[in-house]
Amino acid sequence: MVTLGNYLLASGLLFTIGFAGVLLRRNLITIFMSLELMLNAANLSLVAFSRFHVDANGLPNYNAQVFVFFIITVAAAEVAVGLAIIVALYRARQTTHVEDINTLKF
Amino acid sequence: MIDALPWLILFLPLAAALVIVLLTNRSQRTSSTISVATVWVCFLGSCILFFTTKVNPTAFRWLSLSPVLDIPFGFVLDRLSKTMLILVTGVGALIHVYSLGYMREDKGKSRYFASLSFFMFAMLGIVLANNFVMMFIFWELVGVASYLLIGHWFERDAAADAAKKAFITNRIGDFGFMLGILMVWTATGSVVFSEIASHMSRITAHPAYLSAAAIFIFCGAVGKSAQFPLHVWLPDAMEGPTPISALIHAATMVAAGVYMLVRVGFLLQPSPTALLVIAWIGTISSVIAALTATQQDDIKKILAYSTISQLGYMITAVGLASGEAAMFHLFTHAFFKALLFLGAGAVIISLHHEQNIWKMGALARRMQATFLTFGIGTLALIGCPPFSGFFSKDTILALAYQRNAAIFALGLFTAFLTAFYMVRLVLVVFFGKPRSDSALHVEEAPPVMTVPLIVLAIMSFITGFGFVARRFLPLPEEKGVFILVPVLAFAALFLGGGLAFSLYRNRETDPIDAAILRRRFYFDEFYAWLINWTQDLLATIAAFFDRWLVDAGAVRGASGATWGMGALLRLVQVGNLQAYSLLFGLGIVWIIYFTVFR
Amino acid sequence: MQSIFFWIFSILMVGFGAAVVINRNPVASALSLVVSFLGLAALFVMLDAYFIGVIQILVYAGAVMVLFLFIIMLLDLRAEELRKINMVAVAGGVLVSLALFCQIYAVVHRMRASDQPFPRLPISKIDDVHRVGLLLFGQYNLPFQIIGILILVATIGVIVLSKRELR
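Treat the numbers as computed from the prediction; the structure is a model and nothing was measured.

J.: Can you break down the overall build of chain B residue by residue, with the values?
T.: A tally of helices and strands in chain B yields 26 helices and two strands. In chain B, buried positions account for 52% of the 598 residues. Within chain B, residue pairs in contact and separated by at least 24 positions form 81% of the contacts whose partners lie at least 6 positions apart.

What follows is the structure, given as structure tokens:
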């Protein structure tokens with residue numbers, strides 16, 4: 001029997017993998033992909049909760065799904081802007097390696 | 001109506017000064033007319049006040065911080081201030097008229113008369129003030145007026161320097177004056193003369209404190225009345241126009257110190273120490289100034305040192321606890337010294353601004369009115385009976401004879417010196433041969449200048465007599481007749497005059513050359529050295545402070561500390577995005593730990 | 001039956017998610033991400049969220065992944081060459097990630113609802129597109145409009161950023 005906990009753990013694991021990717025990978029594109037993983041992990045738990053909380057009609061709570069819809073939309077916009085920034089950065093520096101981008105240092 | 005008269009007398013000159021500065025500056029004739037007219041109105045008002053017995057001038061509370069400090073703006077109208085009013089406005093009026101002649105070709109005539117009116121305002125304020133704060137304010141205003149007038153010909157460096165010197169030297173004395181006022185206020189809780197007088201018991205309980213306060217107040221008089229050791233400004237102040245020298249630096253302003261001491265005499269009387277200090281400062285000043293005067297070549301400087309010397313007499317009288325004697329001498333001195341200065345001014349302007357007495361000579365025949373009036377002034381100054389100076393000086397000498405033999409001896413010596421340098425001056429200027437071209441072709445001064453001279457000469461003659469002076473002043477009571485004192489004084493006068501006569505008759509150059517006297521006891525050099533030394537010392541200390549405490553300690557220390565902290569914090573700023581996100585993740589784990597698991 | 005599919009798809013999702021992180025080649029990472037998202041979409045469908053599942057495939061597996069691949073191709077990114085690995089940083093990252101997962105696990109484990117099965121739904125009444133649409137255009141109309149403006153802003157921003165000369 002699949003429980004809510006299973007979904008939440010799967011979501012948490014995906015989130016942790018994404019977080020580890022952000023921390024460990026040096027390629028900006030990969031880091032960006034890891035970020036997407038984290039976002040989608042959050043989406044998964046939202047949908048799981050939505051399915052778990054049924055209303056009086058026995059229907060899922062669709063508010064959470066609207067929320068997920070918004071997250072996906074914003075994420076799409078974010079991907080577009082983020083990739084544009086990476087392209088601009090690459091033009092300026094000829095690198096997407098995060099260790100080469102260290103001008104934020106004194 | 002009569003109650004408003006003091007206000008009118010006080011503020012009319014200020015109004016005149018403002019009108020001249022703001023409106024009529026362009027028109028020199030209008031400006032001078034306004035100024036002269038107001039001073040005559042003031043003189044008339046003073047006369048009316050003098051003969052009015054019941055005057056209750058309105059006063060208002062100017063600054064009220066009760067119960068701590070209460071400063072009224074009020075007037076004191078007793079015999080002393082009424083006499084001073086007459087004196088200041090009377091001599092002032094004559095000198096205003098004289099200035100019309102003396103300054104007739106001056107470009108800054110409007111400015112001159114504005115400053116003169118401003119001076120009258122300030123001086124009348126001192127005379128009328130009924131409290132220390134008001135007096136101090138007008139005291140400073142007088143200093144400002146003096147500064148403006150000494151520096152009237154400011155395009156001359158000497159005049160500008162002299163103005164600065166006068167102001168700064170006065171500031172030193174005024175600082176003491178202010179301390180004295182504060183001490184008196186602290187002790188009695190009031191700055192009004194009458195209230196202090198009624199609370200004297202609070203301060204007489206501490207003799208040392210009282211003496212200190214009295215001596216500090218005396219410092220103000222030392223500055224303003226040009227007493228040793230702050231006398232150096234007065235001879236330099238002669239750079240100003242001669243009427244100014246007569247009015248401010250001989251007759252009125254320098255006498256303000258004496259007037260102030262007499263006004264606060266009730267503070268000085270209970271302190272023998274302060275009185276002794278005052279008496280000796282006066283005596284020392286009179287002797288030093290008289291000695292210096294014997295070797296000066298500038299006619300105005302001689303008269304300036306003479307002024308210091310005579311002011312020394314007055315201060316001595318104050319120190320001998322006789323305000324009456326001091327005021328008597330002040331009263332007579334104002335007339336004959338103004339007369340002498342105005343006479344000197346007539347000589348100077350006739351010789352086209354020549355002040356060296358060795359370039360004059362044989363003026364007696366060509367400038368008869370000037371010579372006669374100047375002679376009367378000289379006789380009054382050296383104390384020749386029956387001129388006014390004889391009586392007033394004799395009063396002081398008699399006083400000294402009674403109270404202090406040493407001061408009496410020095411007073412006699414000063415009288416001897418006075419006779420010596422004045423006879424020398426008259427002989428060199430008015431007799432002998434003319435020693436320059438301009439002295440050869442000299443002409444008498446115009447009537448606008450000689451008439452004041454004649455009026456002052458008459459005053460110099462009559463003011464000494466008891467029946468005249470008693471109308472104005474309470475004369476000290478003669479306790480027993482000292483025939484010895486007048487005889488000795490006359491002997492000193494005769495000796496001094498005779499010595500000068502034998503030495504300087506028909507001389508072309510000065511037969512005596514005493515460098516120390518000629519250089520005025522090296523006071524200026526000493527002060528220059530002292531100020532230089534003090535400044536160097538202060539500069540060294542300040543440089544040390546700046547270099548090692550401010551620069552090395554505060555500035556470099558602060559910057560070093562900031563820099564060090566920055567260097568430490570910089571270690572956190574690795575610039576690596578993932579290091580930041582690692583720290584960020586650590587923070588999140590930390591927060592979750594604290595919010596969920598604790 | 002349900003649980004078998006859950007395990008298949010969740011393992012698919014997590015496994016390819018891990019592959020995204022592990023792969024050195026960005027193209028491989030991106031393709032792994034597609035598979036991971038497909039698994040995720042399947043999980044959405046299993047949760048009876050058909051609309052979200054379809055959106056997930058359309059937007060992520062479609063548009064976003066194409067964008068990623070396009071950029072990777074554009075920048076001509078190759079497999080990363082091995083650099084010296086900062087062991088402290090790697091250990092720190094792993095430790096923090098592990099700690100985070102442990103915390104998530106503990107939270108989920110403690111939650112009373114976590115071991116309960118999902119309630120049954122009346123299958124005939126499932127019309128989530130209809131329901132979500134009603135919410136979007138009704139209750140959430142204003143956020144919906146704002147999202148539209150956000151996308152417009154993002155579009156303009158991307159165009160500005162992508163111009164040759166940044167001024």
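Read on, since the account is not over.
J.: Talk me through the overall build of chain C; I want residue IDs and the actual numbers.
T.: Tallying secondary structure elements over chain C gives six helices and zero strands in all. Along the chain direction, N to C, the helices and strands of chain C fall in the order α-α-α-α-α-α. Buried residues in chain C amount to 28% of all 167 residues. For chain C, restricting intrachain contacts to residue pairs at least 6 apart in sequence, the fraction spanning at least 24 positions comes to 52%.

J.: Account for the interface of chain A and chain C, with residues named and values stated.
T.: Contacts between the two partners involve 62 residues from chain A, matched on the other side by 73 residues from chain C. Those elements that place two or more of their residues in the side of chain A that touches chain C are helix 1 (4-24), helix 2 (28-52) and helix 3 (62-93) of chain A. It is helix 3 of chain A that contributes the most residues to the side of chain A that touches chain C, 22 residues altogether. When its residues are assigned to classes, the side of chain A that touches chain C shows 42 nonpolar, 16 polar and four charged.

J.: Give me the lowdown on helix 3 (residues 79-102) of chain B, citing residues and values where you can.
T.: If you check helix 3 of chain B, its first and last C-alpha atoms are 33 Å apart, about what 24 residues at 1.5 Å a residue would give, namely 34 Å. Counting buried positions along helix 3 of chain B yields 22 of 24 residues, so the element is predominantly enclosed.

J.: Tell me what's going on with the nonpolar core, and back it up with residues and numbers.
T.: Residue and element names in this part refer to chain B. Of all hydrophobic cores here, the largest spans 200 residues; its most connected members are M123, V258 and A338. No other element matches the 19 residues that helix 16 (residues 323-350) contributes to this core. Setting aside chain neighbours within four positions, we find A338 in contact with V91, I95, A246, L247, A250, A251 and L456.

J.: Hey, could you go over unusual backbone geometry for me, with residue numbers and the actual values?
T.: Cis geometry is adopted by the peptide bond preceding P229(B), which originates at F228(B) and carries an omega value of 5°. Its location among the elements puts P229(B) in the loop between helix 9 (207-224) and helix 10 (233-236). Here Q94(A), not a glycine, exhibits a phi torsion of approximately 60°, which is positive. Mapped onto the elements of the fold, Q94(A) is located in the segment after helix 3. A positive phi angle, close to 65°, is found at D48(C), a residue other than glycine.

J.: Tell me about helix 17 (residues 368-382) of chain B, and please be specific about residues and values.
T.: All names here are of chain B. If you check helix 17, its first and last C-alpha atoms are 21 Å apart, about what 15 residues at 1.5 Å a residue would give, namely 21 Å. Burial analysis of helix 17 places eleven of its 15 residues in the buried class, which makes it a mostly covered element. Taken together, the buried positions of helix 17 are occupied by T370, F371, T373, F374, I376, G377, T378, L379, A380, L381 and I382. One or two steps after helix 17, the chain reaches G383, where phi turns positive at roughly 80°.

J.: Just give me the short version of the environment of L67(C), but keep the residues and values in it.
T.: Summarising the element assignment, L67(C) is placed in helix 3 (residues 50-75). Beyond its immediate stretch of four places on either side in the chain, L67(C) contacts V79(A), A80(A) and L83(A).

J.: So what about the environment of A16(B)? Which residues, and what values?
T.: All names here are of chain B. Its place among the elements puts A16 in helix 1 (residues 5-22). Expressed as a C-alpha distance, the spacing of A16 and F113, which sit 97 residues apart in the sequence, is 9.1 Å. Those residues within four positions of A16 in sequence are excluded, and the remaining contacts are I34, S35, T38 and S117.

J.: Just give me the short version of the interface of chain B and chain C, but keep the residues and values in it.
T.: With seven residues of chain B at the interface, the matching set in chain C holds eight residues. Class assignment for the residues of the side of chain B that touches chain C results in five nonpolar, two polar and no charged.

J.: Let's hear about the confidence of the model for chain B: which residues, and what values?
T.: Summing up the model confidence of chain B, the mean pLDDT is 85 and the portion of residues at 70 or higher is 99%. Mean pLDDT values for the elements of chain B range from 73 in helix 24 (residues 515-518) of chain B up to 90 in helix 5 (residues 132-150) of chain B.

J.: Any details on the packing of helix 2 of chain A against helix 2 (residues 26-46) of chain C? Residues and values, ideally.
T.: With their axes 11 Å apart at the nearest point, helix 2 of chain A and helix 2 of chain C run at an angle of 5° to one another. Overall, the two elements helix 2 of chain A and helix 2 of chain C adopt an arrangement that is roughly parallel. Residues I29(A), T30(A), M33(A), E36(A), L37(A), N40(A), L44(A) and V47(A) of helix 2 of chain A form the contact with helix 2 of chain C, whose participating residues are P26(C), S29(C), A30(C), L33(C), S36(C), F37(C), L40(C), L43(C) and F44(C). Considered class by class, the residues forming the contact of helix 2 of chain A with helix 2 of chain C number twelve nonpolar, four polar and one charged.

J.: Outline the environment of E354(B), listing residues and values.
T.: All names here are of chain B. Counting through the fold element by element, E354 comes out in the loop between helix 16 and helix 17. Exposure remark for E354: the 17 C-beta atoms within 10 Å place this residue in the partly exposed category. Sequence separation between E354 and A439 is 85 residues, and the spatial gap between their C-alpha atoms is 9.3 Å. Discounting chain neighbours no more than four positions away, the residues touching E354 are I348, K359, S436 and S438.

J.: Now, about the pairing of strand 1 (residues 60-65) of chain B: what can you tell me, with residues and values included?
T.: Residues and elements named next belong to chain B. Across the six residues that make up strand 1, only a small minority, zero, are buried. Sheet topology places strand 1 next to strand 2 (residues 69-73); five bridges connect them, and they run antiparallel. Paired with F60 across the strands is F73, a residue of strand 2.

J.: Quick one: what's the story with the packing of helix 1 of chain B against helix 4 (residues 109-128) of chain B, residue by residue and with numbers?
T.: Residues and elements named next belong to chain B. Helix 4 packs onto helix 1 with a crossing angle of 160° between their chain directions and a minimal axis gap of 8 Å. Between helix 1 and helix 4, the crossing angle belongs to the class labelled roughly antiparallel. When you trace helix 1 past helix 4, the crossing you get is left-handed. Note on element contacts: helix 4 touches helix 1 through S110, F113, A114, S117, F118, M120, F121, L124, G125 and L128, opposite P6, I9, L10, P13, L14, A16, A17, I20 and V21. Partitioning the contact of helix 1 with helix 4 into residue classes produces 16 nonpolar, three polar and no charged.

Procedures and definitions
Residues numbered from 1 in each chain as written. Chains lettered and ligands numbered in written order. Predicted model: local features only at pLDDT ≥ 70, side-chain atom pairs only at ≥ 80, totals over all residues. Helix = DSSP H or I, 4+ residues; strand = E, 2+ residues; numbered from the N terminus. Buried ≥ 20, exposed ≤ 12 C-beta atoms within 10 Å, placed from the backbone. Contact = placed C-beta atoms within 7 Å. Nonpolar A, V, L, I, M, F, W, Y, C, P; charged D, E, K, R; others polar. Expected span 1.5 Å × (residues − 1). Core = buried A, V, L, I, M, F, W, Y, C linked by C-beta atoms within 7 Å. pLDDT = per-residue confidence, 0-100. Axes fitted to C-alpha atoms, helices over the stretch in contact; angles between N-to-C directions. Parallel < 35°, antiparallel > 145°, perpendicular 65-115°, else oblique. Pairing = 2+ DSSP bridges. Left-handed = near helix turned anticlockwise from the far one by under 90°.

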